[in-house]
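# Coordinate inspection notes
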Amino acid sequence: MAKRTISGTSSLQAKVKKTCDSFKIEWLSEYVQIEGKAVKLGEIFSFSSEKGLLCKTYCEAKIASEFSEGKVWTTWKLDYLKRHIQHKSHLKAVEIVRRCKLGMGIGTLLGESTKDREQRIELSLINKSNPEQVKILIDNILLAINMNASMLSVQQIHDHMAKYVSLPESWRSKNYAFEFVNSINQTVQNEIMCKIKNAPWHTLIVDESTDITVHKMLVLYIKYREENSVNHATVFAGLIQLRSCTAQDIVQAIRQFYTKHGLDMQRMVMLTSDGASVLLGKRNGVAALLKQQIPHLTEQHCVAHREDLSIDDAWKDLPLMRDVETFLRTVYSTFSRSTVKRGKFDELAKILDEDTLSFRPLNEVRWLSRDQAVKAVLRNYTVLEEYFERESSENGDPVANYCYKKLTDPKFKFTLTALGDVLGELAHLCLSFQKRNLTVLEGHRFARAKIEKLRSQYLTEGKDVRWSDRVREAMNALSADGRNTGEILRFICNFEYGAADIATLAKKYEAILHQPHSVEVINNMVAATLKCEELKHISQLVDICATFQASSADCERGFSLMNRIKTASRNRLEVDHLDQLMRIKSKLQADEAIDLDKVYNHWRRDKDRREN
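Residues numbered from 1 in each chain as written. Predicted model: local features only at pLDDT ≥ 70, side-chain atom pairs only at ≥ 80, totals over all residues. Heavy atoms only, no water.

As named in an unreviewed UniProt entry, the protein chain is HAT C-terminal dimerisation domain-containing protein, taken from Oryzias latipes.

Okay, here's the thing in structure tokens:
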């Protein structure tokens, strides 16, 4: 009887043990919250009927404990496992395992240098990168770039934002600011270069100049039509520092740029520049050297530069214009070099109740300088006449006497007034030439329309000339008919495109068209294009023509942007960092959004960070 009792007890214990084991296995499928993440208990513990319950972390950390040798309990509760995970001994084991995985064993810790230890601590602080916090820091960088602020100023912006948003102090350093700038630049650059690679054709716009530290710089812009789009875009491609401004060095820099970014030079259909001999020289210019590799390449002299050169030539050919130029330079020098004279002029303007305009210099590199200088003199004419009369009579100033005689000469006043109207029209044409994505055909149309307007208004016989009201008012004081004004228009020439031009164009690009087109087919296509307003299909030749860029104004804007960024107080900016800032700011100025998620992901991949 006693044996059956003992046997029955053993059987009951076996059943209880089996039931407990089943409960333990079920508990391993439960989830607990660790550092904000749901973790399955089976990933931390293991169980077997022979060894009992094992903590995998204890085993891996080689900590002597029941949880590493096998813990056996007769009564089990789920809370025991949860409390063990939060116990300091378990957390210590987790830290040991992490250090081992990072190569931070006791031997490594004892042998690492101070610099390595600082880098390890820094990496440990940024392993848990919060996306929203990083995006705030990146957005602060964009704000600083848009404001032309230095990276030192970015730290002040970060510290100010930290008053209202939680931002880790270690991420607000200048070094991180440069990392973020690099990630923003790489994101924007990869996007631009990908679009250019997929574009069927593109135009390269180049210009060379010097920065504030007299380093020779080459700025590159590229006009292209994005794949599966009908719109063309002109984007900042890059800034390159040159060893010398020879054609060979510029061509080498362009080739290296194309190789670096994986661009196909055979898709370049036009090279547009300001017309300098080193760029567009017939024999040894950049365009001539590139044609050896790209036979179909067409060069384009910037229409805005050509207009300014034409005005300059016509200006110098006319004695009357040289007289006007001498007067304009004298007036500007008088007031720009003396604050006393400028103060007297402003005081006299207040007495006469006249609105004044700042005097502008005649600048050889400014397209609108002549129009602005003449406009300022006409605006200040009454005050100038009164000022120079007083200076001439009271002080006997010979310069004032010369200027007063010119201002009181009716013929000179008429010439200056008529010149102001003509230069105003030409300045408006120059602004049209500075339009973004200006094609050669658009430039031709703008010039043709302006020429016709000037011809119909001024280049007619005698009484039929339609002067403006202010010119008529000046004309009433003299007997001259002012026909010399028409000489200013001699630089304008008329030109036409005919069938021969189209045939030449078709033959030029025959080698790079995907489908061969005969001259007759091209002529028929162009004729149909001119007759039909809506076309569903555009030929490759028309696509090439639309990719042409008539003006290099984008490069001029690029150098203006460079000078706004690299100032006297920031004259130590390296060319790579300057290139990055120009690319990012060009993107911001075009009102194009920068995807902060892409920038953050690039930053994480670049530094091999991971979120915990």
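Here we come to the sheet that holds strand β8 (residues 268–273). The 5 strands are arranged β7-β6-β5-β8-β9 in an open sheet whose pairing can be described as mixed. The open sheet has two free edges, formed respectively by β7 (232–241) and β9 (298–301), since each of these has just one partner strand. Averaged over all pairs of adjacent strands, the angle between strand axes in this sheet comes to 25°, irrespective of strand direction. For β8 and β9, the ladder comprises 4 bridges, and the chain directions are parallel. Within the sheet, the bridge partner assigned to Leu271 lies in β9 and is Glu299. Of the strands in this sheet, β6 (216–225) and β7 touch helix α27 (residues 575–589), which is tilted by about 165° from β7. (Pairing = 2+ DSSP bridges. Helix = DSSP H or I, 4+ residues; strand = E, 2+ residues; numbered from the N terminus. Axes fitted to C-alpha atoms, helices over the stretch in contact; angles between N-to-C directions. Contact = heavy atoms within 4.5 Å.)

All right, on to the packing of aromatic side chains then. Considering all chains together, one arrives at 15 aromatic pairs under this definition. Measuring from ring centre to ring centre gives 6.3 Å for Trp171 and Trp603, while their planes differ by 75°; the resulting arrangement is edge-to-face. With Trp171 in the loop between α9 (151–161) and α10 (174–198) and Trp603 in helix α28 (residues 596–607), the pair connects residues that are 432 residues apart, well separated along the chain. Exposure class is identical for Trp171 and Trp603. Each is buried. Residues Phe335 and Phe345 carry aromatic rings whose centres are separated by 5.0 Å and whose planes lie at 55° to one another, so their mutual orientation is tilted. In this pair, Phe335 is assigned in helix α15 (residues 319–336) and Phe345 in helix α16 (residues 339–351), connecting sequence segments 10 residues apart. Like Phe345, Phe335 is buried. Of the aromatic side chains, those joined through ring pairs into one cluster are Trp171, Tyr176, Phe180, Tyr600 and Trp603. (Phe/Tyr/Trp six-rings, centres within 6.5 Å; stacked < 30°, edge-to-face > 60°. Buried < 20%, exposed > 50% of the residue type's maximum accessible area, 1.4 Å probe, protein only.)

Looking now at the side chain of Glu391. Along the chain, Glu391 falls in helix α18 (residues 381–395). For Glu391, a relative accessible area of 9% corresponds to the buried category. With sequence-adjacent residues up to four places away left out, Glu391 is seen in contact with Lys344, Gly396, Asp397 and Ala400.

Turning our eyes to something else, we now look at empty space enclosed by the protein. By the definition in use, this model includes 6 cavities of 30 Å³ or more. Each pocket or cavity is described by its volume, and for the largest cavity that value is around 100 Å³. Along the walls of the largest cavity sit Glu307, Asp308, Ile311, Trp367, Leu368, Ser369, Arg370, Asp371, Leu423, Leu426, Ala427 and Cys430, which together make up its complete lining. Per element, the largest residue contribution to the lining of the largest cavity is 4 residues, and it comes from helix α20 (residues 410–433). Residues belonging to the lining of the largest cavity are distributed by class as follows: 7 nonpolar, 1 polar and 4 charged. (1 Å grid on protein atoms, 1.4 Å probe; cavity = no way out; pocket = protein on both sides within 12 Å on 5 of 7 lines; lining within 4 Å. Points joined across faces, edges and corners; volume = space filled by probe spheres on them. Nonpolar A, V, L, I, M, F, W, Y, C, P; charged D, E, K, R; others polar.)

With that settled, the discussion passes to helix α11 (residues 247–260). End to end, α11 covers 20 Å across 14 residues, agreeing with the expected 20 Å (1.5 Å per residue, within 8%). Listing the buried residues of α11 in full gives Ala247, Asp249, Ile250, Val251, Ala253, Ile254, Phe257 and Tyr258. Backbone geometry just downstream of α11 places Gly262 in the positive-phi region, at approximately 70°. (Expected span 1.5 Å × (residues − 1).)

We now examine the pairing of β6. Burial analysis of β6 places 9 of its 10 residues in the buried class, which makes it a mostly covered element. Summarising the sheet, strand β5 (residues 202–210) and β6 pair through 9 bridges and their orientation is antiparallel. Looking at β6, one finds that Asp207 is bridged to Val219. A loop of 5 residues connects β5 with β6, the two strands running antiparallel in sequence, and Val214 in this loop sits at a positive phi of about 60°. In this sheet, β7 lies alongside β6 in antiparallel orientation, the contact comprising 9 bridges. Considered in β7, the bridge of Leu218 is made with Ile240. Taken together, β6 and the strand that follows it, β7, pair antiparallel across an intervening segment of 6 residues, in which Asn228 is found at a positive phi of about 65°.

It is worth spelling out the environment of Ala144 at this point. With respect to the secondary-structure elements, Ala144 resides in helix α8 (residues 131–146). Residue classification places Ala144 among the buried residues on the basis of a relative accessible area of 0%. Setting aside anything within four residues of it in sequence, one finds Ala144 in contact with Ala149, Val154 and Ile157.

This part takes up the packing of α15 against helix α19 (residues 398–407). Remark: α15 packs on α19, axes separated minimally by 11 Å, with the N-to-C direction vectors making an angle of 130°. Relative to α19, α15 is oriented oblique. In this structure, α15 meets α19 at a crossing whose hand is left-handed. Listed contacts from α19 to Asp323, Thr326, Phe327, Thr330, Val331 and Thr334 of α15 are Val399, Tyr402, Cys403, Lys406 and Leu407. Broken down by class, the residue content of the contact of α15 with α19 amounts to 6 nonpolar, 3 polar and 2 charged. (Parallel < 35°, antiparallel > 145°, perpendicular 65-115°, else oblique. Left-handed = near helix turned anticlockwise from the far one by under 90°.)

With that settled, consider the pattern of salt bridges. Tallied over the entire structure, the rule returns 23 salt bridges. Each of Glu191, Lys195, Lys587 and Glu592 takes part in a single network of salt bridges with overlapping partners. (Salt bridge = Lys/Arg side-chain N within 4 Å of Asp/Glu carboxyl O.)

Its identity as a non-glycine residue notwithstanding, Asn148 has a phi of 60°, on the positive side. Residue Asn148 is classed as partly exposed on the basis of its relative accessible area, which comes to 25%. In the Ramachandran plot, Asp591 falls in the positive-phi region, its phi being about 60° despite a non-glycine side chain. When you line up the elements, Asp591 lands in the loop between α27 and α28.

A word on the packing of α20 against helix α21 (residues 440–458). Between α20 and α21, the least distance of the axes is 10 Å, while the angle of their chain directions is 170°. Here α20 lies roughly antiparallel to α21, going by the angle between them. Across the interface between the two elements, Asp421, Val422, Glu425, Leu426, His428, Leu429, Ser432 and Phe433 of α20 pack against Gly443, Phe446, Ala447, Lys450, Lys453, Leu454 and Tyr458 of α21. The class makeup of the residues in the contact of α20 with α21 is 8 nonpolar, 3 polar and 4 charged.

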